[in-house]
Amino acid sequence: MTADIPEIKALKDRKPIFWINPTLHSAADALAGLPLGQDDMSAAERRLAWFAPLLAALFPELGKTGGIIESAVVPVPAMQAALAPNLPGRIWIKADHDLPVSGSVKARGGIYEVLLFAENLAREKGLLASGEDASRLADDEVRNLFGKYTVAVGSTGNLGLSIGTMAAALGFKAVVHMSADAKDWKKHRLRNRGVTVVEHDADYGRAVQAGRLEAAKDPNAYFVDDENSEALFLGYSVAARRLQIQFRDLGVAVDRDHPLFVYLPCGVGGAPGGIAFGLKQVFGDRVHCFFAEPVQAPCMLLALATGAIAPVADLGLTLTTEADGLAVGRASERVVGLIRNLVSGIFTVPDTDLFCHLGMLFNQEAIRIESSAAAGFGGPARLIQTSSGRDYLEKQRLTDRLDGATHLIWSTGGRLVPADEFNGFLRRRDASA
Ligand SMILES: *Cc1c(COP(=O)(O)O)cnc(C)c1O
């Protein structure tokens, strides 16, 4: 099936590639055919605004934003000088590594889905009237109801942190099925919050499967299905309009002469997919979204390049990567269907690059991120330097507009990484230097 696709050989050989999506459509065409649109994104935004007072009450760290979970857009001039000194345009990072509450991009989608479930449950049981505000969900009567329900999820770590933290804060029982890749500190942190952590000696797909089966046996259990969730996807998409406002406030133009290139680490696809979907709604053809995957786990590239959703094990790959958040063997079918015509391309990254870029960001900008979050940093140089990247720029008529370009690297996690863990990342960098 796949043998005659040239990229497949490179994937099998674990050679980093920069792949351009031949089925990229114009934003208008790509979005017109989808079952989700602007209205769904706006509804998710409104719901998060409605929940904000509740979140501010549950998490004091959200006081200063009034309960909105958001990250900054920051320029990284020293990093740019070290990483890609001749790059035309300017590199920024979208600092989701610093998102409050759960310290990763999963705070967007994961928390949104738990809130949605909580709201629906309270309404269904007659404990939340229309017009009431969200702080009602913190009342004892409602918490007692939530205490009879379990929120479960399968995760490589960060989704579990996000779902477990939010579910426990609302009074739900929370169960997180962790894959073998999950870091111990993430498990400890959850257990300290009263979350049940079930450890699986298996990959992410199997941990999700186990969680799904167990939750199906319990009528009072709700399973957050990372492989198939509209709520997660929409929760992630909300980043886009907020980014538009941030760019406007910063005076960063996105238009014909100022293209926006965005580099997003990808696991099962929900986070980068939801964000890319939102960005296309907001910026249309002016934004170009590239996903980054480990050379050992290019599940989205495999799905988009072959048109079939297969496990990367079919290529002889083993998911052996320190990018725990990206160690996913099979892409989400739902996400593939939503993004296949709006992603510009995908590139693959060896672990040595992750640690190199993570260390560079720390040295140049004193910013601490986790290994998965470093996957996007090689993107700008590879877009400009690889032949596939240059072809893309030609075809999109961008070659003479690069001086005005914005390169936005989405740094997806890191805030909660303990200091000794982070020092371990730096040692990995030194070991491979
Ligand atoms: C989960 C995760 C991603 C990717 O999100 P998916 O929805 O799995 O594609 C990227 N970076 C970090 C740090 C993550 O935890």
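Predicted model, so just to flag it, every value in this text is computed and none were measured.

Conventions we followed
Residues numbered from 1 in each chain as written. Predicted model: local features only at pLDDT ≥ 70, side-chain atom pairs only at ≥ 80, totals over all residues. Heavy atoms only, no water. Phe/Tyr/Trp six-rings, centres within 6.5 Å; stacked < 30°, edge-to-face > 60°. Helix = DSSP H or I, 4+ residues; strand = E, 2+ residues; numbered from the N terminus. Buried < 20%, exposed > 50% of the residue type's maximum accessible area, 1.4 Å probe, protein only. Near = heavy atom within 4 Å. Polar contact = N/O pair within 3.5 Å; in protein donor to acceptor, adjacent residues only side chain to side chain. Areas by Shrake-Rupley, 256 points an atom, 1.4 Å probe, with all protein chains shown as cover. 1 Å grid on protein atoms, 1.4 Å probe; cavity = no way out; pocket = protein on both sides within 12 Å on 5 of 7 lines; lining within 4 Å. Sits in = over half its atoms within 2 Å of the grid points. Nonpolar A, V, L, I, M, F, W, Y, C, P; charged D, E, K, R; others polar. Pairing = 2+ DSSP bridges. Axes fitted to C-alpha atoms, helices over the stretch in contact; angles between N-to-C directions. Contact = heavy atoms within 4.5 Å. Points joined across faces, edges and corners; volume = space filled by probe spheres on them. Parallel < 35°, antiparallel > 145°, perpendicular 65-115°, else oblique.

So, on to the packing of aromatic side chains. Inspection of every chain in the model, using the stated rule, returns 14 aromatic pairs. When the ring of Phe117 is compared with that of Tyr222, the centres are 4.3 Å apart and the planes differ by 15°; the resulting orientation is stacked. Of this pair, Phe117 sits in helix 5 (residues 106-124) while Tyr222 is found in strand 7 (residues 221-224), placing the two residues 105 residues apart along the sequence. Given the relative accessible area of 14%, Phe117 is considered buried. With a centroid separation of 6.1 Å and an interplanar angle of 75°, the aromatic rings of Phe422 and Phe425 are classed as edge-to-face. Here Phe425 and Phe422 lie together in helix 18 (residues 419-432), a separation of three residues that amounts to about one turn.

Around the ligand sit 15 residues, and of these Lys106, Asn158, Gly267, Gly269 and Thr412 come closest. Contact distances for the ligand include 3.0 Å between an oxygen atom and a backbone N or O atom of Val268. A distance of 2.7 Å is found between an oxygen atom of the ligand and a backbone nitrogen or oxygen belonging to Gly269. Protein coverage of the free-state accessible area of the ligand, which is 380 Å², stands at 98%. One can see that the ligand is located within the largest cavity. Broken down by element, the shell around the ligand gets its largest block of residues, three residues, from helix 12 (residues 270-283). Of the residues that constitute the shell around the ligand, the class distribution is six nonpolar, eight polar and one charged.

Taken together, seven strands build an open sheet; the order of strands is 1-10-9-8-11-3-2 and the sheet is mixed. If you trace the sheet from one side to the other, it starts and ends with strand 1 (18-20) and strand 2 (73-75), each paired once. Put simply, the sheet's adjacent strands are angled 25° from each other on average, direction ignored. Note that strand 8 (residues 260-265) and strand 9 (residues 287-294) share six bridges and pair parallel. Its bridge partner lying in strand 9, Phe261 is registered against His288. Across the sheet, helix 12 lies against strand 8, strand 9 and strand 11 (406-410), angled at about 170° from strand 9, the strand it touches most.

In this section: the layout of surface pockets. Once rolled over the atoms, a probe with the size of a water molecule shows which space is left empty. One number sums up the size of the largest pocket: a volume of about 260 Å³. Glu70, Ser71, Ala72, Asp98 and Pro100 are the residues nearest the centre of the largest pocket, which is lined by 14 residues in total.

Take the packing of helix 3 (residues 38-58) against helix 7 (residues 158-170) next. Helix 7 packs onto helix 3 with a crossing angle of 90° between their chain directions and a minimal axis gap of 11 Å. Relative to helix 7, the element helix 3 lies roughly perpendicular. From helix 3, Leu54, Leu55 and Leu58 reach across to helix 7, where they touch Met166, Ala169 and Leu170. Here the contact of helix 3 with helix 7 is composed, by residue class, of six nonpolar, no polar and no charged.

Right, let's get into the side chain of Ser237. Locating Ser237 in the fold gives a position in helix 10 (residues 230-237). According to the relative accessible area criterion, Ser237 is buried, its value standing at 0%. Residues in contact with Ser237, not counting those within four places in the same chain, are Met41, Gly274, Ile275, Phe277 and Gly278.

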